[in-house]
Amino acid sequence: RIAACVDLVRQHDLAHYLCSTLMKPEYRSNAFVIHALNCELDQVAKKSTKAHFAALKFKWWTDAISKVCSDSHKIPDHPVVVSLPELVNESRSGKY
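The rules behind these values
Residues numbered from 1 in each chain as written. Predicted model: local features only at pLDDT ≥ 70, side-chain atom pairs only at ≥ 80, totals over all residues. Heavy atoms only, no water. Axes fitted to C-alpha atoms, helices over the stretch in contact; angles between N-to-C directions. Helix = DSSP H or I, 4+ residues; strand = E, 2+ residues; numbered from the N terminus. Parallel < 35°, antiparallel > 145°, perpendicular 65-115°, else oblique. Contact = heavy atoms within 4.5 Å. Nonpolar A, V, L, I, M, F, W, Y, C, P; charged D, E, K, R; others polar. Phe/Tyr/Trp six-rings, centres within 6.5 Å; stacked < 30°, edge-to-face > 60°. Expected span 1.5 Å × (residues − 1). Buried < 20%, exposed > 50% of the residue type's maximum accessible area, 1.4 Å probe, protein only. Salt bridge = Lys/Arg side-chain N within 4 Å of Asp/Glu carboxyl O.

For any two helices packed against each other, the geometry is given by the interaxial angle and the distance between the axes. Where helix α3 (residues 25–47) meets helix α4 (residues 51–69), the closest approach of the two axes is 9 Å, and the angle between their N-to-C directions is 160°. The angle between the axes of α3 and α4 places the two elements in the roughly antiparallel class. Here α3 contributes L37, E40, L41, V44 and A45 to the contact with α4, which in turn contributes A54, K57, F58, W61 and I65. Taken together, the residues that form the contact of α3 with α4 break down as 8 nonpolar, no polar and 2 charged.

Here we come to the packing of aromatic side chains. Tallied over the full model, the rule gives 2 aromatic pairs. An angle of 45° between the planes, with centres 5.8 Å apart, marks the rings of Y17 and F32 as tilted. Residue Y17 is located in helix α2 (residues 14–21), and its partner F32 is located in helix α3; the two are separated by 15 residues in the primary sequence.

Turning our attention to α3. The end-to-end C-alpha separation of α3 is 33 Å, in line with the 33 Å expected for 23 residues at 1.5 Å each. Among all positions in α3, only N30, A31, F32, V33, H35, A36, L37, C39, E40, Q43 and V44 are buried.

One pass over the structure, following the stated rule, counts 4 salt bridges. One salt bridge in this structure joins R1 and E86, with 2.6 Å as the shortest N-O distance. Here R1, found in the segment before α1 (2–12), pairs with E86, found in helix α5 (residues 84–92); they are 85 residues apart in sequence, far enough to count as distant. A residue is classified by how much of its surface remains accessible, and E86, at 38% relative accessible area, is partly exposed. K46 is the partner of D42 in a salt bridge, and the nearest nitrogen-oxygen pair spans 3.1 Å. With D42 and K46 both in helix α3 and 4 residues apart, this pair spans about one turn of that helix. K46 gets classed as exposed once you look at its relative accessible area, which sits at 58%.

Structure representation (structure tokens):
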């Protein structure tokens, strides 16, 4: 799952990819997840030809993130989304 996030960042945001590789290992995977989410949202904006299509895609992401934050067991099977629960739980625990 993290590998998919790393690949996405490498393909769409080389500067953040390179910076993230220099981070301490304990922070690196979370950085890739955050940057992969940013890449996904950026792609919605870039690839949507009509505003209402973009709105639907952003709504999907909003719903997916809401499910992650509410500890739902029914999160979408998407490489970035399935990587988010660990990051959210670490954030809630005060690890970072």
